[in-house]
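Each chain, written out:
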Amino acid sequence: MRWCLFLLAAMALPLQAADQIWSAVVLATNETPPRTPPRALEAFAPSIRTIFGYNSVYLVGQKKRALSAGADEWLIPSEKLFFQVTTLAQERSHYLLRIGLFREKELLLCTEARLARDAPLYIRGPQWGAGQLILLLEIR
Amino acid sequence: MKNFESQYNRWLDGHLRGAGREAFEASLDDETRRAADGWHEVRAALKESAAAIPVPHPDFLNAQVLRAIETPAPARRQGLPLGRLVWAGALCLATAGLLTLSFLPRETRGDTATTVVSAWTPAPDVSAGAFPVPGGRGTVIWLEGAGYIPGEEKVR
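Cut-offs and rules
Residues numbered from 1 in each chain as written. Chains lettered and ligands numbered in written order. Predicted model: local features only at pLDDT ≥ 70, side-chain atom pairs only at ≥ 80, totals over all residues. Helix = DSSP H or I, 4+ residues; strand = E, 2+ residues; numbered from the N terminus. Buried ≥ 20, exposed ≤ 12 C-beta atoms within 10 Å, placed from the backbone. Contact = placed C-beta atoms within 7 Å. Nonpolar A, V, L, I, M, F, W, Y, C, P; charged D, E, K, R; others polar. Pairing = 2+ DSSP bridges. Core = buried A, V, L, I, M, F, W, Y, C linked by C-beta atoms within 7 Å. pLDDT = per-residue confidence, 0-100. Axes fitted to C-alpha atoms, helices over the stretch in contact; angles between N-to-C directions.

Quick notes on the overall build of chain B
The helix and strand inventory of chain B stands at five helices and four strands. When its helices and strands are written in sequence order, chain B yields α-α-α-α-α-β-β-β-β. Within the span of chain B, comprising 156 residues, buried residues form 8% of the whole. At a minimum sequence separation of 6, the contacts of chain B that also span at least 24 residues come to 19%.

Notes on the interface of chain B and chain A
If you look at the interface, chain B gives 32 residues, while chain A gives 33 residues. When contributions to the side of chain B that touches chain A are tallied by element, the ones reaching two or more residues are β1 (115–120), β3 (139–144) and β4 (148–149) of chain B. The biggest single contributor to the side of chain B that touches chain A is β1(B), with six residues. When the residues that make up the side of chain B that touches chain A are grouped by side-chain class, the tally is 18 nonpolar, 10 polar and four charged. In terms of strand pairing, strand β7 (residues 121–128) of chain A meets β4(B) through two bridges, oriented parallel.

Quick word on the nonpolar core
Ranked by size, the top nonpolar core spans 46 residues in total, and within it A:Val26, A:Leu115, A:Ile123, A:Ile134 and B:Ile141 carry the most contacts. Sequence-distant contacts of A:Ile134, defined by excluding residues within four places in its chain, comprise A:Val26, A:Ala28, A:Ile48, A:Phe52, A:Tyr122, A:Ile123, A:Arg124 and A:Gly125.

As for the confidence of the model for chain A
Scored by pLDDT, chain A comes out at a mean of 86, with 88% of its residues at no less than 70. Across residues 3–12 of chain A the pLDDT falls below 50, and counting only partners more than four positions away or on other chains, this stretch makes zero contacts in the model.

What about the sheet that holds strand β4 (residues 81–90) of chain A?
The strand order across the open sheet built from five strands is β3(A)-β4(A)-β5(A)-β6(A)-β1(B), with neighbouring strands paired in antiparallel fashion. The open sheet has two free edges, formed respectively by β3 (72–75) of chain A together with β1 of chain B, since each of these has just one partner strand. In this sheet, adjacent strand axes meet at a mean angle of 20° when their direction is disregarded. Two strands pair when backbone bridges link them, and β4(A) and strand β5 (residues 94–103) of chain A are joined in this way by nine bridges, in the antiparallel orientation. Paired with A:Leu81 across the bridge in β5(A) is A:Arg103.

With respect to the pairing of β4(A)
All names here are of chain A. Pairing of β3 with β4 involves four bridges; the strand directions are antiparallel. Looking across to β4, one finds that Asp72 is bridged to Thr86. With antiparallel pairing between neighbouring strands as the criterion, β3 and β4 make up a hairpin whose turn holds five residues. Connecting β4 to the antiparallel partner β5 that follows it, the hairpin turn spans three residues.

Structure follows, in structure tokens:
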């Protein structure tokens, strides 16, 4: 019985106080042969290939911040593209976040999203050179 | 012909008598007469072998037969036995549960997926659309018209 309760509790995956938000700027390109993705992007490379159609990824920059209700955080994974993240609410399995994506001083996108743990948010950003900049946000 | 048959049957059964019998027998040919003799032999054999078997206590037997006839048949049990009723109830409950589960609208992405509540872009030439990652729990915000950064510019 105890084990059942333990398993049910584990399956619910409640958010913890020590949750962090990870952000990354990724350059996606098509290369022959395809480039092996860096370790930090191994889990994302198949989705990027499926969604955006690029077979190679480069990690331009990444940044991680702790999350707490009502807090306002700046995530600056690169000089040109960065995020302002406000935690609007902490729910049982989600964080309700207001996310501003800036390109230098220009606000490109403002969004409210419910982010679950290990369920990334992909943002198709501007193009850079021959590739596509993709921004990633994930609760960890 | 029909008259001959009826007379022949009466003759076989021994009902023809007197002058009628003699006249009918005179009209029969040899073959018919032999067939009639064969029939008489068969009937005699049947009478001998199909005689009633003597019953040792006929009154007792009759009483038993009458008693069996007069005894009313046992009434059929009404309804289902309790055990079957319990099993039938359990089966109905299980079926109802399965049907309910199969018809319930399913939240395919559920609580474990990232979803976009709203997205807007201040620049009029930039637009945003959102869709779930196929087969995953993530979500994509697709910015259209986000511009181009020349390759020689530093992004990092």
